[in-house]
Amino acid sequence: MADQFLSRDEIKKAKELEEMRKAGTAPAEKDEEGRDINPHIPQYISKAPWYLSQSGPSLKHQRLKPDGSRIPLDLSWRKGLKKEAASKYRKGACENCGAITHATKDCVERPRRKGAKWTGSNIRPDERLPDEDDQKQIQELGFEGKRDRWMNYDPSTYKKDVIDEYERADMERKRRKAQELNQKLREQLSAATDRRKKRKIRKKLEKLDSRMGASSTTANNQGEAASNHDNKKGDDDDGTDGHDTDTDSETDTDSEGSDGGASDDDVKVRDFDEQNAPVATKDDRTRTTSRNLRIREDTAKYLYNLELGSAFYDPKSRSMRDNPLKHLNEDDQGVFRGDNYVRMSADALGMATSEAFAWESYKHGSKVHFQAQPTQLEYMYKQHLDKKKALQEEKKQELLGKYGGEDHLNPPKELLFSQTEAYAEYGRDGTLLKGRERVLAKSKYEEDVHPGSHTSVWGSYFDMETHKWGYSCCRQLYRHAECTGPPLPPPSAAAKSKPTPAQAVQQQANGH
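Figured I'd write up the structure that's included with this text.

## Description of the overall build of the protein chain
Right, so step 1: Regarding its fold elements, the protein chain presents 16 helices and six strands.
Right, so step 2: In the protein chain, 41% of the contacts between residues at least 6 apart in sequence involve partners at least 24 apart.
Right, so step 3: Counting only carbon and sulfur atoms, one obtains 52% of the accessible surface of the protein chain, whose full area is about 42,600 Å².

Dropping the structure here:
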């Protein structure tokens, strides 16, 4: 490794040498094995960690380990507990269970009220530990070798642990199905009245009883059944296979049914070796897991709206974020309204608010996490809302105390709930046709005041020439003037266009 304390000149020379090596004017640096080190390799790759204690430049820490450090396949030792247990407590053994192969703090048994050290009874056997030779090999293993889950595994135990267990479960399933079929056939035999039908049911019962006897014999002789497991295909060819029996029984039933007209209630002796439907079970070894992302009866997202301008569907993630039926009414849009609809409904907004509050609280020094401490986060968020509400109320009271206006915070209900269900009809010009006129709210100023026998109020007329206000009933521009009645209509266009006698004489003199 390079010296940690270098002078300014040494650092400058090292940088110049590095630039020359990258330019190719200086020879490349060599490792301890004489190999050239590429000068363009970054320092975080070329420099070894401090705990490797490498003296010079090297890339040994980046290369694979030699083949000699790999795990030997034949390395194995016996594990588990020994059969014999000590008769009395030994010094240095576990104070809880009495085994000498582990300490008290490493004991995995339930803590006793009085341990084996004081009672001297019920001492557990010791664990089997690897011997000295195996211990040496284990010490030479690396990180992966010490944690290899398949180390010390015997492949010969697979048949006993897995194959035989599945065979026993399969035989038990066949036996139960045969019992159910036997019971059903006997019920049909007792209820049948036709002699031909009874003969057919008895024939099926004989076949079923012979098969049940053969299966019970096989179940009693598990060793022979396990040894003949590989020859199952040969046994199927000699006439005892379920397929052949099924075919023969179906053929016989069909032929007899054609001759005697058998009913559809006849039960056929089916093949019990095949399982037509998966059986619901909690066992991980036999449970069938459905990996479908949706039920096949449901409509696919991309089939809700086939228009070109519909919501975008991403086939890789199978997501459609926008609502494909947003152009329809609220009641006609259906259940699916886009993937983003779920994120903005129900408790999703509350969860997003809580998560944002957790982030902000963590920035300000609160040790709280959204997933790890949900109860504490909810309590903190509730306290935050209470404090925020108290601060808003305090600020409100401060403003009211400074500026007043508290009497305006509670308006009368007549103004808030001024709507009515009284029916009224209006014409095109806004006049009331049917019903009562709506009562308008009164202001603090005088309304509908008609001084001087006027029929309109002051300010209902505005003169565009003089830019003054007046009365619309008589068009008087003086406020205290008396009403003179409606004004004369303006002269018509024809009267304006007709010339006076003096104008006519003047026009004739001008030659018009």
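## Quick notes on the pattern of salt bridges
Right, so step 1: All chains considered together, the criterion is met by 18 salt bridges.
Right, so step 2: The salt bridge partner of arginine 90 is aspartate 126, with a shortest N-O separation of 3.0 Å. You can see arginine 90 sitting in the loop between α2 (43-46) and α3 (116-119) and its partner aspartate 126 sitting in the loop between α3 and α4 (132-140), a full 36 residues away along the chain.
Right, so step 3: The exposure class of arginine 90 is partly exposed, given its relative accessible area of 25%.
Right, so step 4: Two residues, glutamate 330 and arginine 337, come together in a salt bridge whose shortest N-O distance is 2.6 Å.

## Quick word on the packing of aromatic side chains
Right, so step 1: A full pass over the atoms with the stated rule returns six aromatic pairs.
Right, so step 2: Judged by centre distance (5.7 Å) and plane angle (85°), the ring pair of tryptophan 50 and tyrosine 51 falls under edge-to-face. The pair formed by tryptophan 50 and tyrosine 51 is uniform in burial state, with each residue classed as exposed.

## Side note on the nonpolar core
Right, so step 1: Core analysis: the biggest nonpolar cluster contains seven residues, these being Ala178, Leu181, Leu185, Ala192, Ile201, Leu205 and Leu208.
Right, so step 2: Mapped by element, the contributors of at least two residues to this core are α6 (157-191) and α7 (195-220).
Right, so step 3: Phe357, Ala358, Val368 and Leu377 belong to the second-largest nonpolar core, a separate cluster that totals five residues.

## With respect to unusual backbone geometry
Right, so step 1: Notably, serine 453 is not glycine yet its phi reads approximately 55°, a positive angle.
Right, so step 2: Position of serine 453 among the secondary structure elements: in the loop between β4 (432-434) and β5 (461-463).
Right, so step 3: Here arginine 475, not a glycine, exhibits a phi torsion of approximately 60°, which is positive.
Right, so step 4: Checked against the element boundaries, arginine 475 lands in the loop between β6 (468-470) and α15 (493-497).

## Topic: α6
Right, so step 1: Here α6 spans 51 Å end to end across 35 residues, near enough to the 51 Å set by a 1.5 Å rise per residue.
Right, so step 2: The largest bend along α6 reaches roughly 30° and is located at isoleucine 163.
Right, so step 3: Here α6 has its buried residues at Asp164, Glu167, Arg173, Lys174, Ala178, Leu181, Asn182, Leu185 and Gln188.

## Notes on the packing of helix α12 (residues 348-363) against helix α13 (residues 374-403)
Right, so step 1: Running from amino to carboxyl end, α12 crosses α13 at an angle of 85°, the nearest separation of the two axes being 10 Å. With respect to each other, α12 and α13 are oriented roughly perpendicular. Each of Thr353, Ser354, Phe357 and Ala358 in α12 lies in contact with α13, whose residues at this interface are Leu377, Met380, Tyr381 and His384.

## Describing the environment of glycine 435
Right, so step 1: Structurally, glycine 435 is set in the loop between β4 and β5.
Right, so step 2: For the pair glycine 435 and tyrosine 423, spaced twelve residues apart in the sequence, the C-alpha separation amounts to 6.0 Å.
Right, so step 3: In this structure, glycine 435 is in contact with Tyr423 and Ala424, ignoring residues within four places of it in sequence.

## Some points on the side chain of serine 456
Right, so step 1: Mapped onto the fold, serine 456 is located in the loop between β4 and β5.
Right, so step 2: A polar atom in the side chain of serine 456 sits 3.5 Å from the side chain of serine 460.
Right, so step 3: A distance of 3.2 Å separates the side chain of serine 456 from the backbone nitrogen of cysteine 473, its partner in a polar contact.
Right, so step 4: In this structure serine 456 touches His450, Tyr471, Ser472 and Cys473, once residues within four positions along its chain are discounted.

## Things to note about a nonpolar patch on the surface
Right, so step 1: Together, Trp50, Tyr51 and Leu52 line one region of the surface with nonpolar side chains, adding up to about 420 Å² of accessible area.
Right, so step 2: Checked against the element boundaries, leucine 52 lands in the loop between α2 and α3.

## Notes on the environment of aspartate 322
Right, so step 1: Counting through the fold element by element, aspartate 322 comes out in the loop between α10 (242-260) and α11 (339-343).
Right, so step 2: We classify aspartate 322 as partly exposed; its relative accessible area is 36%.
Right, so step 3: In sequence terms aspartate 322 and serine 310 are twelve residues apart; their C-alpha atoms lie 8.8 Å from each other.
Right, so step 4: Those residues in contact with aspartate 322, other than ones at most four positions away along the chain, are Ala311, Arg337 and Gly338.

## Quick look at the state of the cysteines
Right, so step 1: Within the structure shown, the criterion is met by zero disulfides.
Right, so step 2: In this structure cysteine 97 is a free cysteine whose sulfur lies 3.8 Å from that of cysteine 107, the closest cysteine sulfur available.
Right, so step 3: Looking at cysteine 97, the relative accessible area reads 2%, which means it is buried.
Right, so step 4: Since its relative accessible area comes to 17%, cysteine 107 is described here as buried.

## What about the side chain of aspartate 31?
Right, so step 1: For aspartate 31, the location among the structural elements is in the loop between β1 (29-30) and β2 (36-37).
Right, so step 2: Taking relative accessible area as the criterion, aspartate 31 reaches 9% and is therefore assigned buried.
Right, so step 3: Of note is the side chain of aspartate 31, whose polar atom sits 3.0 Å from the backbone nitrogen of glycine 34.
Right, so step 4: Polar side-chain contacts of aspartate 31 include one of 2.6 Å to the backbone nitrogen of arginine 35.

## Quick notes on the environment of aspartate 209
Right, so step 1: Its location among the elements puts aspartate 209 in helix α7.
Right, so step 2: Residues aspartate 209 and glutamine 179, spaced 30 residues apart in sequence, show a C-alpha to C-alpha distance of 9.5 Å.

About the criteria used
- Residues numbered from 1 in each chain as written.
- Predicted model: local features only at pLDDT ≥ 70, side-chain atom pairs only at ≥ 80, totals over all residues.
- Heavy atoms only, no water.
- Helix = DSSP H or I, 4+ residues; strand = E, 2+ residues; numbered from the N terminus.
- Contact = heavy atoms within 4.5 Å.
- Areas by Shrake-Rupley, 256 points an atom, 1.4 Å probe, with all protein chains shown as cover.
- Salt bridge = Lys/Arg side-chain N within 4 Å of Asp/Glu carboxyl O.
- Buried < 20%, exposed > 50% of the residue type's maximum accessible area, 1.4 Å probe, protein only.
- Phe/Tyr/Trp six-rings, centres within 6.5 Å; stacked < 30°, edge-to-face > 60°.
- Core = buried A, V, L, I, M, F, W, Y, C linked by side-chain atoms within 4.5 Å.
- Expected span 1.5 Å × (residues − 1).
- Bend = angle between axes of the 7 residues up to and from the residue.
- Axes fitted to C-alpha atoms, helices over the stretch in contact; angles between N-to-C directions.
- Parallel < 35°, antiparallel > 145°, perpendicular 65-115°, else oblique.
- Polar contact = N/O pair within 3.5 Å; in protein donor to acceptor, adjacent residues only side chain to side chain.
- Patch = residues over 30% accessible without salt bridge, like charges linked within 9 Å, V, L, I, M, F, W, Y side chains within 5 Å.
- Disulfide = S-S within 2.5 Å.

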